[in-house]
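Structural overview for review
Given next are the chains, with one letter for each unit.
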Amino acid sequence: RVNTILLVLQLLVLMIFASAGVWALLHHVAGARLTLLPFYNPAALTPALIFSALSLAVLSFLGFDAISTMSEESRHGAGPVARATILSLCLSALLFVMQTYVAALFALGRTSFAPGEQSDAAFYNIAAMVGGAWLKFVVAVPGIVFGSVACALAAQASTARLLFSMARDGKLPRLLARVHCDRKVPENAIFLVAAITLALGILLVNKLELLTSMVSFGALLGFLILHISVVVHFVARQKSRDWLRHIVTPAIGFVIIGYVLWNSEANAKIAGGCWLAAGLLCYGILHLRRRPLALPAE
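None of the values given here were measured: they were computed from a predicted structure. (Residues numbered from 1 in each chain as written. Predicted model: local features only at pLDDT ≥ 70, side-chain atom pairs only at ≥ 80, totals over all residues. Heavy atoms only, no water.)

1. Looking at the overall build of the chain
Applicable threshold: Segments assigned H or I by DSSP are reported as helices when at least four residues long, segments assigned E as strands when at least two residues long, and all are numbered from the N terminus. Contacts are assigned to residue pairs with any non-hydrogen atoms lying within 4.5 Å of each other. Positive charges are assigned to Lys and Arg, negative charges to Asp and Glu, while His and the chain termini are left out of the count. A charged residue contributes its charge at one atom only: NZ of Lys, CZ of Arg, CG of Asp or CD of Glu.
Scanning the chain for helices and strands turns up ten helices and zero strands. Each helix (α) and strand (β) of the chain, taken in turn from the N terminus, gives the series α-α-α-α-α-α-α-α-α-α. Each principal axis of the C-alpha distribution contributes one length, and for the chain these read about 70 × 45 × 40 Å. Long-range contacts, defined as pairs at least 24 residues apart, comprise 66% of the intrachain contacts of the chain with a sequence gap of at least 6. Across the chain, the mean location of the 22 positive side-chain charges is 6 Å away from that of the 12 negative side-chain charges.

Structure, rendered in structure tokens:
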């Protein structure tokens, strides 16, 4: 229910910005005009520009996979969850493109902003240009608060479900598999995620860029391994001959994500490498203890 309310509020903020943007466009504020230059500008389009934008585009879509952790709680099985995952990607892309296009119409002729505040707050400054200080406030404060709380709730729920499923399958301590008798949620896993999130938030409050890059690196590393898993599962195990879906598509995704990972911060690579090493260590301990490593068949 809370997520639904936050979604409505976020869409309301987006609608206010889009409406103000259309009004300002009709009045040619800041020389804005209806054009396709934000999509394709041959004078400014270069491979370097595309690849620099690629990193931002990939990171913008992180989080959609959280839906998959709710598969066991879906009333109609995994089918609706799979459709919801694809639908969320399509809707997110549509909303991203729409708001970015509207904002870009008020920065025609510019290919960059000055480093620092001008770049970091470019979207909010354009909002101020479009509708004044009140629109900048609406986009910045309520927009960020609603989005941050919604993301935190989704991350909390999905990570707790992941820990719960691993603990239930014997890959983590059984304590994390405990489900509350009334609320029917993995309470110990939820409290653990909350504690870790709170601790990291306090310790790295002045290093948010590093914290963000570490989270992004971990997620992208997971996606990188996921692309390999697709090929192994469908081609190596099931002998699939659907080359487009099970070889070509994962290969393209692997190259794109690999490029973004390669260009991530050095500290993020170190932290991500340590986290991966910890996972391999847990895998090795399970193997030495002769614990089952394969997932249970359904």
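2. Some points on a nonpolar patch on the surface
What counts, and what does not: Residues enter patches when they are more than 30% accessible in relative terms and free of salt bridges; like-charged ones are connected within 9 Å and nonpolar ones (Val, Leu, Ile, Met, Phe, Trp, Tyr) within 5 Å. Areas reported as accessible are Shrake-Rupley estimates using a 1.4 Å probe. Residue values count occlusion only from the protein chains shown. Any carboxyl oxygen of Asp or Glu that lies within 4 Å of a side-chain nitrogen of Lys or Arg is treated as forming a salt bridge with it. To sort residues, take the accessible area from a 1.4 Å probe on protein chains only and compare it with the maximum for the residue type: under 20% means buried, over 50% means exposed, and anything in between is partly exposed.
Taken together, the side chains of Leu36, Phe39, Tyr40, Leu45, Leu49, Ile50, Phe51 and Val97 present a nonpolar region at the surface, about 800 Å² in accessible area. For the nonpolar patch, the leading source of residues is helix α2 (residues 47–60), giving three residues. Mapped onto the fold, Phe51 is located in helix α2. Since its relative accessible area comes to 39%, Phe51 is described here as partly exposed.

3. Quick look at a negative patch on the surface
A cluster of acidic residues, Glu117, Asp120, Glu209 and Glu265, forms a negative patch on the protein surface. Mapped onto the elements, Asp120 comes out in helix α4 (residues 117–120).

4. A short note on the packing of helix α1 (residues 2–26) against helix α6 (residues 133–168)
The condition is simple: Note on definitions: angles span 0 to 180 degrees between N-to-C directions of axes, and those axes are lines fitted to C-alpha atoms, for helices only across the stretch in contact. Here is the rule for angles: anything less than 35 degrees is roughly parallel, anything more than 145 is roughly antiparallel, 65 through 115 is roughly perpendicular, and the remaining ranges are oblique. Handedness of a crossing follows from how the near helix is turned relative to the far one, being left-handed for an anticlockwise turn of less than a right angle and right-handed for a clockwise one.
Contact pair α1 / α6: the axes reach a minimum separation of 9 Å and the direction vectors enclose 155°. Of the possible angle classes, the one that applies to α1 and α6 is roughly antiparallel. Crossing geometry of α1 relative to α6 is assigned as left-handed. Contacts from Val2, Asn3, Leu6, Leu9, Gln10, Val13, Ile16, Phe17 and Ala20 of α1 reach α6 at Trp134, Leu135, Val138, Val139, Gly143, Phe146, Gly147, Val149, Ala150 and Leu153.

5. Section: helix α3 (residues 78–104)
Note the cut-off: The span expected for a helix works out to 1.5 Å for each residue beyond the first.
Compared with the 39 Å implied by 1.5 Å per residue over 27 residues, the 39 Å span of α3 between its first and last C-alpha is a close match. Those residues of α3 that fall on the buried side of the exposure criterion are Val81, Thr85, Ser88, Tyr101, Val102 and Ala103. In this structure, the buried residues of α3 make contact with α1 and α5 (122–131).

6. Notes on unusual backbone geometry
Its identity as a non-glycine residue notwithstanding, His28 has a phi of 55°, on the positive side. Relative to the elements of secondary structure, His28 occurs in the loop between α1 and α2. Given the relative accessible area of 52%, His28 is considered exposed. Residues other than glycine seldom take positive phi values, yet Ala30 does so here, at roughly 60°. Summarising the element assignment, Ala30 is placed in the loop between α1 and α2.

7. Overview of the pattern of salt bridges
Under the counting rule described, the total for this entry stands at five salt bridges. The salt bridge partner of Asp169 is Arg168, with a shortest N-O separation of 3.3 Å. Owing to a relative accessible area of 31%, Arg168 belongs among the partly exposed residues under this scheme. With a closest N to O distance of 1.6 Å, Glu187 and Arg178 form a salt bridge. The exposure class of Glu187 is buried, given its relative accessible area of 16%. Linked through salt bridges whose partners overlap, the residues forming this network are Glu72, Arg168 and Asp169.

8. Focus on the nonpolar core
Put simply, the rule is: Throughout, nonpolar core names a set of buried Ala, Val, Leu, Ile, Met, Phe, Trp, Tyr and Cys residues whose side chains join them through atoms within 4.5 Å.
Formed by 16 residues in total, the largest nonpolar core has its most connected members in Phe17, Phe106, Ile126, Val130 and Leu135. For this core, the secondary-structure elements that each account for two or more residues are α1, α3, α5 and α6. When residues in this core are grouped by element, the largest group, four residues, is from α1. When sequence neighbours within four positions are dropped, the list of residues in contact with Ile126 reads Ala103, Phe106, Ala107 and Phe113. Counting residues in each nonpolar core, the second largest holds ten residues, with Leu220, Phe223, Ile257 and Ala268 among its members.

9. Focus: the environment of Ile5
Within the element layout of this structure, Ile5 appears in helix α1. Overall, the relative accessible area of 53% leaves Ile5 in the exposed class. Taking C-alpha positions, Ile5 is 9.4 Å from Ala150, a pair spaced 145 residues apart along the chain.

10. Focus: the side chain of Glu187
Assignment of secondary structure puts Glu187 in helix α7 (residues 187–203). For Glu187, the contacting residues outside a window of four places in its chain are Arg178 and His180.

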